[in-house]
Structure formats: C-alpha cells, structure tokens
Amino acid sequence: QVQLVESGGGLVQAGGSLSLSCAASGTISSINDMGWYRQAPGKQRELVAAITSGGSTNYADSVKGRFTISRDNAKNTVYLQMNLLKPEDTAVYYCHAEIRRRYGWAYTNYWGRGTQVTVSS
C-alpha cells in the first residue's frame, strides 16, 4: 500500500505565505516526478508545480516567481513554498507522485487527499 499524506495549508491574507508538504509512504521502490496540482470551485484541476527526481522544476505561469517546489528524496517528501499569495490561489491543493512499488515494474500515479488553501483579500 502506498499513501501520500499532505500537511500545511489553511487561511492566509493576500500577500502572505504558506507551506505545504507531502510525504509518500508504503512499499515504495522509487519515485519519479512529484508535484502539486490545485482545483478551485467550478474549475478543472491544474498543475501548479512539478519536480523530477533529479531536481528539474516546472511551474504554472500564474505562480512563477512566487511559489517554489522542492523535494527530499531520502524522505520521499515534496514541498511547496507559496509566497505573495493572491485570492485567486484559493483552491484545494493535491499532491501527486509517480511511484514504482517494491517488486513492481511500472510507475503508477498516486494522489493525496488534498488540502485547502484559502487566501482572503
């Protein structure tokens, strides 16, 4: 069994900062890409930021320069530091990881349950 458990999130005023973390646990052999997605009410889920196992990063244009993604491969954990938050960043944020399970041969997509981020104006 593999789980992604998110922590962080909450309520913050515009211009403030929040940090998210997501730890993968279970029978894991290796993790490929990890990332964060978000879904606002009435909208589709969208990529916020992603990071490869080698540390290469990719950001949505709307968060470039404000958000930073990082990971600790030894802890199977991915982080998202969010600065200069705007009301339009309000959404449920989901952790994602491509994981190969122990004794497995293929990578599978796993998702966290999501954590609410609310930015007040």
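Our structure's up above, just so we're on the same page.
Values in this document were obtained by computation on a predicted structure and should not be read as measured data.

Things to note about the overall build of the chain
Phase 1: Assigned secondary structure in the chain consists of 0 helices and 11 strands.
Phase 2: Ordering the α and β elements of the chain from the N terminus gives β-β-β-β-β-β-β-β-β-β-β.
Phase 3: Here the C-alpha atoms of the chain give a radius of gyration of 14 Å, agreeing with the 14 Å that 2.2 N^0.38 yields for 121 residues.
Phase 4: With 121 residues in all, the chain has 39% of them scored as buried.

With respect to the packing of aromatic side chains
Phase 1: Overall, the coordinates contain 1 aromatic pair when judged by the stated rule.
Phase 2: Consider the rings of Tyr37 and Trp111, whose centres lie 5.0 Å apart with planes at 65°: the pair is edge-to-face. Here Tyr37 is found in strand β4 (residues 28-39), whereas its partner Trp111 is found in strand β10 (residues 108-111), with 74 residues between them in sequence.
Phase 3: Exposure remark for Tyr37: the relative accessible area of 22% places this residue in the partly exposed category.
Phase 4: Taking NZ or CZ as reference, Arg45 lies 3.8 Å from the ring centre of Tyr94, over its face.

Remarks on unusual backbone geometry
Phase 1: Of note in this structure, Asn76 is not a glycine but carries a positive phi near 55°.
Phase 2: Tracing the backbone shows Asn76 in the loop between β7 (67-72) and β8 (77-82).
Phase 3: With relative accessibility at 24%, the residue Asn76 sits in the partly exposed group.
Phase 4: With phi around 50°, Leu84 is a residue other than glycine that occupies positive phi space.
Phase 5: The residue Leu84 is located in the loop between β8 and β9 (91-101) in this model.

Quick look at the sheet that holds β7
Phase 1: The antiparallel open sheet is built from 4 strands, whose spatial order is β1-β3-β8-β7. Single-partner strands in this sheet number two, and they are β1 (2-8) and β7. Direction aside, neighbouring strands of the sheet carry axes that sit 15° apart on average.
Phase 2: Direction of pairing for strand β3 (residues 18-26) relative to β8: antiparallel, over a ladder of 6 bridges. Following the sheet pairing, Ala23 is matched in β8 by Thr77.

Here we look at the pattern of salt bridges
Phase 1: The final tally for this structure, using the stated rule, is 4 salt bridges.
Phase 2: Notably, a salt bridge pairs Asp89 with Arg66, separated by 2.8 Å at the nearest N-O pair. In this pair, Asp89 is assigned in the loop between β8 and β9 and Arg66 in the loop between β6 (57-59) and β7, connecting sequence segments 23 residues apart. Arg66 carries the same exposure label as Asp89, and that label is buried.
Phase 3: Here the salt bridges share partners, and the residues they tie into one network are Arg38, Glu46, Arg66 and Asp89.

Rules used in this analysis
Residues take numbers from 1 onward in each chain, read along the sequence in its written order. The predicted origin of the model limits local features to residues at a pLDDT of at least 70 and limits the giving and counting of side-chain atom pairs to 80 or more, whereas totals for whole chains, interfaces and linings rest on all residues. Side-chain measures were taken over the full set of non-hydrogen atoms in the model, leaving aside hydrogen atoms and water. The numbering of helices and of strands both runs from the N terminus, where a helix is a DSSP run of H or I of at least 4 residues and a strand a run of E of at least 2. We compute the radius of gyration from the C-alpha atoms alone; for a globule the expected value is 2.2 Å times N to the 0.38, where N is the number of residues. The buried label goes to any residue with under 20% of its type's maximum accessible area, the exposed label to any with over 50%, and the partly exposed label to all in between, with areas taken from a 1.4 Å probe on protein chains only. Working definition: a ring pair exists when centres of Phe, Tyr or Trp rings (six-membered ring for Trp) sit within 6.5 Å. Plane angles under 30 degrees give stacked, over 60 give edge-to-face, the rest tilted. Put simply, a charge is over a ring when the Lys NZ or the Arg CZ is close to the ring centre, within 6 Å, and near the line of the ring normal, within 35 degrees. The pairing criterion is simple: DSSP has to find at least two bridges between the two strands. Between N-to-C directions, angles span 0 to 180 degrees; the directions come from axes that are lines fitted to C-alpha atoms, helices contributing only their stretch in contact. We define a salt bridge as a contact between a side-chain nitrogen of Lys or Arg and a carboxyl oxygen of Asp or Glu at a distance within 4 Å.

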